Amino acid sequence: MNKPLSPDLLQSAEAFADYRRNQSVRVDDAAEAKAHAGGARVGISRPHESAALHVAGAAPYIDDLPELAGTLHAALGLSPVAAGRLLGVDVAALRALPDVVDVLVAADVPGSNDCGSIVHDDPILCAGEIRFMGQPLFAVIARNRQAARRAAARARDMVRVEAGTPVLTQREAHAQGRYVVPPMHLVRSAGTNTHGAAAQPAVQAAIAAAPHRLKGSLEVGGQEQFYLEGQISYAIPREGGGMHVHCSTQHPSEMQHLVAHALGVRSHAVQVECRRMGGGFGGKESQSGLFACVAAIAARRLGRPVKLRLDRDDDFMITGRRHCFSYDWEVGYDDAGRVLGAKIDMISRAGHSADLSGPVMTRALCHFDNAYWLPEVAMHGYSGKTNTQSNTAFRGFGGPQGAIAIESILDSIARERGLDALDVRQANFYGTAQNNVTPYLQTVQDNIAAPLVEQLAASSDYRARRAAAAAFNAGSPVLKRGIALTPVKFGISFNVKHFNQAGALVHVYTDGSILVNHGGTEMGQGLNTKVAQVVAHELGVAFDRVRVTATDTTKVANTSATAASTGADLNGKAAQDAARQIRERLAACAAARHGGTASEVRFANDKVQVGGRELGFDVVVGEAYLDQVQLWSDGFYATPGLSWDRDTMTGRPFYYFAYGAAVSEVIIDTLTGEWKLLRADVLHDVGRSLNPAVDIGQVEGAFIQGMGWLTTEELVWHPQSGKLMTHAPSTYKIPTANDCPPVFNVRLYEGDNVEDSIHRSKAVGEPPLLLPFSVFFAIRDAVSAAGGHRVDPPLAAPATSESILRALGAVQASGGRAGA
Ligand code: MTE
Ligand code: LUZ
Ligand code: MOS
């Protein structure tokens with residue numbers, strides 16, 4: 001490990017100025033400096049709490065933890081077929097391999113052989129029925145990792161299987177009525193004021209009566225999380241049947257439950273800890289469970305620490321990812337392109353078990369409206385059960401899959417009517433006083449889509465650049481430009497009400513230093529940095545007093561996943577609650593000693609103003625300790641006002657909405673299908689930012705990650721064997737720094753959250769993943785230009801070069817002429 005950089009390095013004025021200079025967007029330094037001098041600790045751009053450690057290679061991830069003496073290593077033997085039955089594992093032969101200590105099969109699980117997080121349909125090790133190629137059949141425990149992997153790789157000749165016929169695609173599953181959760185229906189007719197099945201005829205009638213009608217279908221691929229740190233768990237047996245698991249997970253409490261069930265012990269016997277992840281992106285919300293369970297089962301059985309770190313290819317082969325979606329839709333609309341009625345079937349590839357597919361489909365249905373008023377709408381969601389990895393959370397959690405469908409429909413309507421797609425989008429926006437009730441009957445109270453899009457269209461020069469692209473295309477037969485502006489409205493809160501709660505623990509030590517622990521996990525998104533800022537702000541202290549520690553189920557109990565973008569909203573509020581209680585106790589104590597009332601005591605800039613004097617924060621803390629005052633506190637928060645009825649699919653699932661919009665301009669080569677993003681302009685709403693630098697980083701990262709999903713990241717399963725063919729970076733192409741546009745203008749929208757969120761900020765993690773819809777529709781626009789905009793390009797996502805060429809072929813074959 002490299003020598004750590006001095007922790008002060010990033011705090012030195014020079015290094016910080018450098019850091020700022022290298023950001024694509026300047027934050028307002030002067031304004032922030034003034035706020036900071038005035039005592040604010042939020043709304044200030046701070047480097048990530050681990051930035052210095054990250055760049056020095058000194059931030060330990062789980063595999064960097066020093067291994068305890070006697071540590072053993074596990075590897076998983078994977079199914080060589082996608083469907084069928086496991087007849088037997090040759091355990092004796094596996095055991096005889098060099099350095100192998102033990103072999104586990106399903107029968108060796110002491111508790112329940114299940115790691116399903118919501119529905120209990122997810123075996124840890126195969127118990128007979130083979131569900132997908134790559135399913136773990138057995139675990140090898142060996143003295144070193146190579147030996148374990150070498151033995152596990154012998155799966156093909158060490159297992160006896162009876163192969164069956166796999167069902168691989170979501171459409172195939174749908175045709176056979178195979179689902180992991182029951183179909184969902186969300187139907188609303190505003191005209192007749194009806195909901196559910198009763199509204200269905202009115203929606204059909206609205207489509208039939210509309211001046212124009214259009215029908216279509218769309219295919220959108222899935223996406224691998226590709227966290228840089230793969231799945232890993234390190235389990236250490238503790239006294240009296242206890243188990244301590246270091247797990248790279250977004251959901252330590254869920255891991256605690258799963259390990260307890262697998263071991264057949266109670267929750268208090270299991271401690272799960274995670275200091276940081278090298279990325280999670282939803283892939284470690286539920287799916288870290290299988291590995292935590294295997295490591296813990298082996299550690300219990302052998303009485304020794306066991307580590308299970310997946311190889312990248314195995315990670316691809318075993319774990320699920322973003323759901324692929326297929327859509328069939330039908331709309332009726334008027335001359336301005338306003339949608340009067342819409343019907344859509346959404347079919348997802350859920351994989352072999354439920355995992356989070358139910359809530360993902362719920363979020364997809366609740367985001368089909370995106371920023372638009374759909375008075376008459378019928379949505380049907382089918383989570384297809386397939387013989388593939390079990391798909392799961394991925395940044396956006398179905399929201400992107402829901403919203404891209406309406407964006408595709410509006411894009412098609414615009415082309416059909418010869419209108420600018422932006423005009424059609426604007427014509428469909430939710431109103432502010434009317435036409436503002438979502439299909440699930442939540443009123444949109446905070447709609448800023450129109451002014452936000454107006455600002456972005458102006459600042460990006462959208463109209464003029466659109467005309468310029470058309471002029472360019474008229475004179476360019478081979479290269480074609482395309483441009484698109486797409487908006488985002490994203491609902492914030494878990495769509496399962498009770499998950500919207502969080503806890504925190506704040507300790508103030510007698511030297512005035514502060515330790516914060518909360519239920520959220522750090523995966524690179526800057527949650528700990530934001531929570532530390534909230535605590536520093538609440539206690540009016542310098543940043544360097546506050547340190548955040550590893551997430552640990554023995555500190556804060558019953559936590560929710562760090563997911564649904566709610567990390568800072570929930571844990572920030574919980575930590576604020578804890579810090580506030582300590583501040584109030586300190587104020588009472590200081591006032592008693594130095595005069596005045598507790599409410600007059602001021603905490604700012606590391607000082608305490610009390611009774612006409614100014615004391616150091618540490619002095620006041622020291623005095624409070626002598627006065628026997630409790631210097632630590634817990635804190636709790638639950639999001640107010642939420643409701644959700646699963647049966648009718650109505651209620652208020654979201655506390656508020658986050659908005660954004662992006663304009664992207666691309667150029668494509670119609671001979672090769674190659675393309676390039678020339679420029680992207682983003683205006684994104686994070687309310688009143690807790691940390692503009694971190695938020696801009698999240699927006700940029702989500703934009704590029706979403707662009708990868710829609711353009712280069714292609715998942716291919718072999719149509720006969722069901723093998724995932726794209727299981728490594730050699731065949732699965734994520735974006736690199738070179739794919740970032742040369743002009744990338746990212747700005748934060750000015751405006752507070754209308755709800756009482758933490759310092760009026762808004763969640764930022766997931767919503768900006770929808771911004772690069774603009775890249776996809778810019779590509780579609782460029783393809784369309786090759787056909788003189790006469791034909792709607794049948795462009796599937798991801799828009800790989802092959803997909804672009806296929807769409808170009810269709811556009812040109814239907815009578816469009818290049819150069820038109
Ligand atoms: N940013 C980084 N660097 N790494 C991640 O794994 N996950 C995303 C987002 N941003 C992720 C990230 C996802 S899927 C979510 S839900 C949020 O961060 C979770 O963190 P938050 O709720 O604290 O924003
Ligand atoms: N709902 C949601 C969920 O909106 N986002 C999530 O990440 C999630 N995870 C589990 C269950 N419901
Ligand atoms: Mo994020 S997909 O909610 O972990």
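No experiment lies behind these values; they were computed from the predicted model shown.

Once that is clear, we can look at the site of ligand 2. Residues in close proximity to ligand 2 include E285, L356, P359, R363, F397, S493, F494, N495, V496, F499, A563 and A564, which together make up its full environment. Between ligand 2 and E285 there is a distance of 2.3 Å, counted from a nitrogen atom to a side-chain nitrogen or oxygen. Within the side chain of R363, a nitrogen or oxygen atom sits 2.9 Å from an oxygen atom of ligand 2. Isolated, ligand 2 exposes 290 Å² of accessible area, and the fraction of that covered by the protein chains is 98%. Broken down by class, the residue content of the shell around ligand 2 amounts to eight nonpolar, two polar and two charged.

A few words on the environment of A469. The residue A469 is located in helix α16 (residues 462-474) in this model. The spatial distance from the C-alpha of A469 to the C-alpha of R481 is 5.6 Å, given a sequence separation of twelve residues. Those residues in contact with A469 that sit more than four places away from it in its chain are R481 and E665.

Here we have four strands laid out as an open sheet, ordered β17-β28-β29-β30, and mixed in their pairing. Since the sheet does not close on itself, it has two edges, and those belong to β17 (479-492) and β30 (743-748), each with one partner. Between one strand and the next, the sheet's axes are offset by a mean angle of 15 degrees, whatever the strand orientation. Pairing geometry for strand β29 (residues 675-684) and β30, over six bridges, is parallel. Considered in β30, the bridge of V682 is made with V746.

Mapped onto the fold, Q231 is located in the loop between β9 (212-220) and β10 (232-237). A polar contact of 3.0 Å, which involves the side chain of Q231, links it to the backbone oxygen of G283.

Looking now at the pattern of salt bridges. In total, this model carries 42 salt bridges according to the counting rule given. With a shortest N-O distance of 3.6 Å, R143 and D99 are connected by a salt bridge. Within this pair, whereas R143 is found in the loop between β5 (136-142) and α5 (145-152), its partner D99 is found in the loop between α4 (91-95) and β3 (100-104), the two being separated by 44 residues in sequence. By relative accessible area, R143 is classed as partly exposed at 48%. Taking the shortest distance from any N to any O, the salt bridge between R321 and E224 comes out at 2.9 Å. Within this pair, whereas R321 is found in the loop between α11 (312-318) and β14 (325-333), its partner E224 is found in the loop between β9 and β10, the two being separated by 97 residues in sequence.

Moving on, we get to the UniProt feature "domain: Aldehyde oxidase/xanthine dehydrogenase a/b hammerhead" (unreviewed entry) in the protein chain. The positions UniProt marks with the feature "domain: Aldehyde oxidase/xanthine dehydrogenase a/b hammerhead" (unreviewed entry) are residues 56-165. Note that residues 56-165 is 16% helix and 29% strand, and that its end C-alpha atoms are spaced 50 Å apart.

The end-to-end C-alpha separation of α16 is 18 Å, in line with the 18 Å expected for 13 residues at 1.5 Å each. Taken residue by residue, α16 has Y462, R465, A469 and N473 as its buried positions. Along α16, the residues classed as buried sweep out an arc of 80 degrees about the axis, all on the same side. Facing away from the buried side of α16, by more than 90 degrees, are the exposed residues A471 and A474.

Let us look at the packing of aromatic side chains. Each aromatic ring pair is described using two quantities: the centre-to-centre distance and the angle formed by the ring planes. Taken as a whole, this structure holds twelve aromatic pairs when the rule is applied. Ring geometry for Y440 versus F654: centroids 5.8 Å apart, planes at 85 degrees, classification edge-to-face. Of this pair, Y440 sits in the loop between α14 (421-428) and α15 (449-459) while F654 sits in the loop between β27 (650-652) and β28 (656-669), and the two are 214 residues apart along the sequence. In this structure, Y440 and F654 share a single accessibility class: buried. Each ring, one from F703 and one from F744, has its centre 5.2 Å from the other, and the planes form 55 degrees; the classification is tilted. One end of the pair, F703, is in helix α20 (residues 692-711); the other, F744, is in strand β30, and 41 residues separate them in sequence. Judged by its relative accessible area of 11%, F744 is buried. Members of the aromatic cluster, joined through ring pairs, are Y440, W644, F654 and F657. Directly above the aromatic system of F394 lies the positively charged group of R322, at a separation of 4.4 Å from the ring centroid.

Calculation criteria
Residues numbered from 1 in each chain as written. Chains lettered and ligands numbered in written order. Predicted model: local features only at pLDDT ≥ 70, side-chain atom pairs only at ≥ 80, totals over all residues. Heavy atoms only, no water. Near = heavy atom within 4 Å. Polar contact = N/O pair within 3.5 Å; in protein donor to acceptor, adjacent residues only side chain to side chain. Areas by Shrake-Rupley, 256 points an atom, 1.4 Å probe, with all protein chains shown as cover. Nonpolar A, V, L, I, M, F, W, Y, C, P; charged D, E, K, R; others polar. Helix = DSSP H or I, 4+ residues; strand = E, 2+ residues; numbered from the N terminus. Contact = heavy atoms within 4.5 Å. Pairing = 2+ DSSP bridges. Axes fitted to C-alpha atoms, helices over the stretch in contact; angles between N-to-C directions. Salt bridge = Lys/Arg side-chain N within 4 Å of Asp/Glu carboxyl O. Buried < 20%, exposed > 50% of the residue type's maximum accessible area, 1.4 Å probe, protein only. UniProt positions renumbered as here; feature names shortened; annotations may be inferred. Expected span 1.5 Å × (residues − 1). Arc of directions from axis to C-beta. Phe/Tyr/Trp six-rings, centres within 6.5 Å; stacked < 30°, edge-to-face > 60°. Lys NZ or Arg CZ within 6 Å of the ring centre and 35° of its normal.

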